[in-house]
Amino acid sequence: MASIADYYAGKSVLITGATGFMGKVLVEKLLRSCPHVRALYLLVRPKAGQSMQERVSDMMKCKLFDRVREDNPDFHQKIVPISSELIQPGLAIGPEDKETLTSCINIIFHCAATIRFDEPLKHALQLNVMATQQLISLAQQMPHLQAFIHISTAYANCNRRHIDDIIYPPPVEPKKLIDSLEWMEDSIVRDITPRLIGDHPNTYTYTKALAECVVQKESSKLSIAIIRPSIVGASWQEPFPGWIDNFNGPSGVFIAAGKGILRTMRANNDAVADLIPVDVVINLTLAAGWYTAVHRPKAALVYNCTTGGINPFHWGEIGMFLFSFKRNPLEQAFRRPNANITSNYLMNQYWILVSHRFPALLYDLYLRLSGQKPQMMRIFNRLHKAIGLLEYFSSQDWEWNSENMNMLMSHLSPEDRKVQYLQPRPSTYHTAMIATSLQTFSSRHSTLMCVS
Ligand SMILES: CCCCCCCCCCCCCCCCCCCC(=O)SCCNC(=O)CCNC(=O)[C@H](O)C(C)(C)COP(=O)(O)OP(=O)(O)OC[C@H]1O[C@@H](n2cnc3c(N)ncnc32)[C@H](O)[C@@H]1OP(=O)(O)O
Ligand SMILES: NC(=O)C1=CN([C@@H]2O[C@H](COP(=O)(O)OP(=O)(O)OC[C@H]3O[C@@H](n4cnc5c(N)ncnc54)[C@H](OP(=O)(O)O)[C@@H]3O)[C@@H](O)[C@H]2O)C=CC1
C-alpha cells in the first residue's frame, strides 16, 4: 500500500482555516512531509486591510516555515490562495475559482471555525454549521474528491462524560434552528441562547456538535472523517518544539499567571488536563486523510484525538509547573507570580477579592493619584470573564474512546509511524510541551513567536 507521502504526491488539496493556528501547522507539515503534493488551495479572506495574497505571503515568511523553506525555497509555488468569506452565500468564491476547485481537488481539510466561547449564536451557527454545509455542497460537485476531513472538537459532546468515537444525535435539528433564527433580531437570539444551548457550556461546543450532524448527513455521498482534538497546545517536536501563536485555552492562563496577574483559578487538581500537541493533531489529520481516501469507509469515521486515556496529566500538575514563574516571572510582571488552583468556589471568590481585586484597586488608586488613567480593574474584569468561560473545562473530567485512532495507527507502515507520529507516549511530553511554550512566551516579551 502507498505510504502517506506517496498518496499525497500529485494531489490537489483544499484547506479552510489555513491562516489559523492548526491550519498553518497543517500546511507546513503537508509541504514538508509530502514534498510531491501538487498544490494546496487555501480559502482565505482579506482581513485588517490586507489582501488574501498579502496574508498568505506573510504567513509563509513566519518562523514556522523555516524548515520547509530550507528544504525547498520555492515551496510558495505550491500554494494557491483563493478568496473566500465562508459566511457568505456560495462561500463568496468567484466563478473561475469555483471551476478550478471543482475540476482538480482531491482532498479537503475543513479547519475554519470560530473557536470563541462567547461568540453570538447566530455567527457561530453561520460559520461553524452553515459554512460547513456549504463546503460539503461544493465538495459534492468535485468529481475527483477522495476525502473530506472535518475538524471538530473532543468537546462537541462535552454534555456527556464518556464520549465514544461516534456521531451523537444533535441537540436540535440544525436546519430547524437555522430557519427559526433567521428572522429573529440579534437581541432576542442573545436572550434565548442559554435556553437553546441547554447543557452545553457555550455556543462553540454547541455549534460544533451541530456541524458534526451536518457532516454525517452527507457521509453516504462523500468519504468523510471527523477529527476531534482535545485542548490543542504548542508543538511537541515539529517543526520545532514549543511553537504556538495564540492565547487560547491554557496559553492565556499561563501568560496571565506568569505576569503575576492571575493568582487564583477554579480547577480540579485531579481532573485530567487533556492537552494534545498541535503537531500530533496534524499528523493524525494527514493520516486520516490518507486512510479515508484509500479505504473509503462506508460511514464517516470519527477520531477522538486525546491523550488522557494513554497518558493522563492533571490540572494540579500544570499548577505545580507554573511555580517556575515564581523564580522566572515574564517581563513587565504586575507582581511576583504566585498562581494557585482551588476547586472550592468560595475559596476562589475569597482569593479573587484578596489577591486580584484589592491589589487592582490599590494600583488604580496609585495611577489616579499620579495623574494616570486607571486600568487594572478593567484588566481584571476581562480576565475574570475569560477565566469564567474556561473553568467549565478545568473543573471536570471526560473519558474519550480512541479505538479509531488506534486502528489508524495499526494501519501505518513503520516509516509512516515515524513521520506521522500519533501518540505522544513518553510521559515527559506534557512537561516538554508546556516548558517549551513557556519559553516561547518569555523569550518574546510575552508576544508570541509568530503572530499572524
Ligand atoms: C491560577 C492559575 C493556575 C493555572 C493552572 C491551571 C490552568 C487551567 C487552564 C484552564 C484552561 C482550560 C482550557 C479549556 C479549553 C477547552 C478547549 C476546547 C477545545 C476547543 O475545542 S477550541 C479552542 C478553544 N477556544 C478557546 O480556547 C477560545 C477561548 N477564548 C475566548 O473565547 C475568548 O478569547 C475569551 C476568553 C472570551 C476572551 O475574549 P476577549 O476578552 O474579547 O479577548 P480576546 O481573546 O479577543 O483577546 C483580545 C486581545 O488580547 C490579546 N490577549 C488575549 N489573551 C492575552 C494574554 N494572556 N496576554 C496578552 N494578550 C492577550 C488577544 O490576542 C487579542 O489581541 P488582538 O490584537 O488580537 O486584539
Ligand atoms: N485550538 C484548539 O485548541 C482546538 C481547535 N479545534 C478545532 O480546530 C479548528 C482550527 O482551530 P484553530 O486553528 O485553533 O482556530 P483559529 O481561530 O486559530 O483559526 C480559525 C481559522 O478559521 C478562519 N475563519 C474564521 N472565520 C472565517 C470566515 N468567515 N471566512 C473564512 N475563514 C474564516 C480564520 O481565518 P482568519 O485568519 O481570516 O480569521 C482562521 O484561519 C477549528 O475547527 C476548531 O474547532 C478543536 C479542538 C481544539
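Criteria and thresholds
Residues numbered from 1 in each chain as written. Chains lettered and ligands numbered in written order. Predicted model: local features only at pLDDT ≥ 70, side-chain atom pairs only at ≥ 80, totals over all residues. Heavy atoms only, no water. Near = heavy atom within 4 Å. Polar contact = N/O pair within 3.5 Å; in protein donor to acceptor, adjacent residues only side chain to side chain. Areas by Shrake-Rupley, 256 points an atom, 1.4 Å probe, with all protein chains shown as cover. Nonpolar A, V, L, I, M, F, W, Y, C, P; charged D, E, K, R; others polar. UniProt positions renumbered as here; feature names shortened; annotations may be inferred. Helix = DSSP H or I, 4+ residues; strand = E, 2+ residues; numbered from the N terminus. Buried < 20%, exposed > 50% of the residue type's maximum accessible area, 1.4 Å probe, protein only. Lys, Arg positive; Asp, Glu negative; His and termini not counted. Salt bridge = Lys/Arg side-chain N within 4 Å of Asp/Glu carboxyl O. Contact = heavy atoms within 4.5 Å. 1 Å grid on protein atoms, 1.4 Å probe; cavity = no way out; pocket = protein on both sides within 12 Å on 5 of 7 lines; lining within 4 Å. Points joined across faces, edges and corners; volume = space filled by probe spheres on them.

(A) Region of the structure containing the site of ligand 2. Around ligand 2, 25 residues are found, and the nearest of them are Thr-19, Arg-55, Glu-85, Tyr-204 and Lys-208. In this structure, an oxygen atom belonging to ligand 2 sits 2.9 Å away from a main-chain N or O atom of Phe-21. A distance of 2.5 Å separates an oxygen atom of ligand 2 from a polar side-chain atom of Arg-55. Relative to its free-state accessible area of 900 Å², ligand 2 is covered by the protein chains to the extent of 89%. Its residues assigned to classes, the shell around ligand 2 shows 13 nonpolar, seven polar and five charged.

(B) Representation of the UniProt feature "domain: Thioester reductase (TE)" (unreviewed entry) in the protein chain. In the UniProt entry, the feature "domain: Thioester reductase (TE)" (unreviewed entry) is given for residues 15–284. Helix makes up 41% of residues 15–284 and strand 14%, whereas the separation of the span's terminal C-alpha atoms amounts to 16 Å.

(C) The side chain of Lys-11, seen in detail. Looking at the element boundaries, Lys-11 is found in the loop between helix H1 (4–8) and strand S1 (12–16). Although buried, Lys-11 forms no salt bridge, and the nearest oppositely charged side chain, Asp-6, lies 9.9 Å from it. Beyond its immediate sequence surroundings of up to four residues, Lys-11 is in contact with Val-37, Arg-38, Ala-39, Asn-106, Ile-107 and Gln-146.

(D) How the structure looks around the UniProt feature "domain: Fatty acyl-CoA reductase C-terminal" (unreviewed entry) in the protein chain. According to UniProt, the positions carrying the feature "domain: Fatty acyl-CoA reductase C-terminal" (unreviewed entry) are residues 356–423. With 71% helix and 3% strand, the stretch residues 356–423 has end C-alpha atoms that lie 39 Å from each other.

(E) Examining the layout of surface pockets more closely. Reported here for the second largest pocket is a volume of approximately 260 Å³. The wall of the second largest pocket is formed by 16 residues, among which Glu-119, Pro-120, Leu-121, Arg-190 and Thr-193 lie closest to the centre. Looking at the lining of the second largest pocket element by element, the count peaks at six residues for helix H8 (residues 186–197). Here the residues of the lining of the second largest pocket sort into seven nonpolar, four polar and five charged.

(F) Region of the structure containing the site of ligand 1. Contacts to ligand 1 come from 28 residues, most closely from Arg-116, Phe-117, Thr-153, Tyr-204 and Gly-249. A distance of 2.9 Å separates an oxygen atom of ligand 1 from a polar atom in the backbone of Gly-249. Look at ligand 1: alone it shows 1500 Å² of surface, and the protein chains cover 73% of it. Contributions of two or more residues to the shell around ligand 1 are made by helix H10 (250–258), strand S9 (264–266), strand S12 (340–342) and helix H15 (376–394). Per-element tally for the shell around ligand 1: the top contributor is H15, with five residues. Residues belonging to the shell around ligand 1 are distributed by class as follows: 17 nonpolar, eight polar and three charged.

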